[in-house]
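Listed here are the chains, written in short residue letters.
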Amino acid sequence: MAGIDETRPFVPVGIAVLTVSDTRTLADDRSGDTLAARITDAGHRLEARAIVPDDKGLIAAQVKAWTLTDTIDVVITTGGTGFTGRDVTPEALEPLFEKRMDGFSEVFHRISYDKIGTSTIQSRATGGVANATFIFVLPGSPGACRDAWDGILKQQLDYRHMPCNFVEIMPRLDEHLKRG
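Here we summarise the structure given alongside this text.

Right, let's talk about the environment of Ala36 for a bit. The residue Ala36 is located in helix α1 (residues 30–41) in this model. The exposure class of Ala36 is buried, given its relative accessible area of 8%. Ala36 sits 103 residues away from Pro139 along the chain, and the two C-alpha atoms are 15 Å apart. Once you skip the residues sitting within four places of it in the chain, Ala36 turns out to touch Leu46 and Arg49.

Now the structure itself:
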């Protein structure tokens, strides 16, 4: 049965939050604020936070730099997942993925469908792994950030969550790079 095993210790992880927007600043970044609050409330470390414009090169450069930072285990982006001409976050980040996480998008859309119905198809939320770092690409609304954190990430980033979670496999994400 899925749930928290209270006999296991909580293991905090380092998380970076990137807001992708041409118009937001830290003063009015409600989605970034939503994620930052949930990350710290859960006991994790908010290692970095930034805002970049909807530019593939800038998005990819910031996320790649964070994946090469030892204290960052997870990168969560918010914004740029729609279909307009400026929505380029999936195009910027999916080429970095060594492994795609199709299930993340599927579960996100199931949760989102319960709240906003068929409008969920207007998001290209995605996830993957690059440089032994989990990357989650979320829509830019605070509601979508709440849905992704509360419905998926909070549990999967908790070592106590059973039957399995992301934290317990983090040490093995780059085992394919090691030689015997």
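Across a sheet, paired strands are connected by hydrogen bonds in the backbone, their directions being either parallel or antiparallel. Read from one edge of the open sheet, 6 strands run β3-β2-β4-β7-β6-β5, paired in mixed fashion. Both edges of this open sheet fall to β3 (45–52) and β5 (99–100), since each of them pairs with a single strand only. In terms of strand pairing, β5 meets strand β6 (residues 126–130) through 2 bridges, oriented antiparallel. Of the residues in β6, the one forming a bridge with Lys99 is Val129.

In this section: the pairing of strand β4 (residues 74–78). The element β4 is largely enclosed, with a buried count of 5 among its 5 residues. Of the two faces of β4, the one carrying Val74, Ile76 and Thr78 and the one carrying Val75 and Thr77 are both buried. Alignment of strand β2 (residues 14–20) against β4, held across 5 bridges, turns out to be parallel. In the sheet register, Val17 faces β4, and the bridge partner there is Ile76.

Reading the values: rules and limits
- Residues numbered from 1 in each chain as written.
- Predicted model: local features only at pLDDT ≥ 70, side-chain atom pairs only at ≥ 80, totals over all residues.
- Heavy atoms only, no water.
- Helix = DSSP H or I, 4+ residues; strand = E, 2+ residues; numbered from the N terminus.
- Buried < 20%, exposed > 50% of the residue type's maximum accessible area, 1.4 Å probe, protein only.
- Contact = heavy atoms within 4.5 Å.
- Pairing = 2+ DSSP bridges.

The values reported here are purely geometric and, on their own, carry no functional implication.
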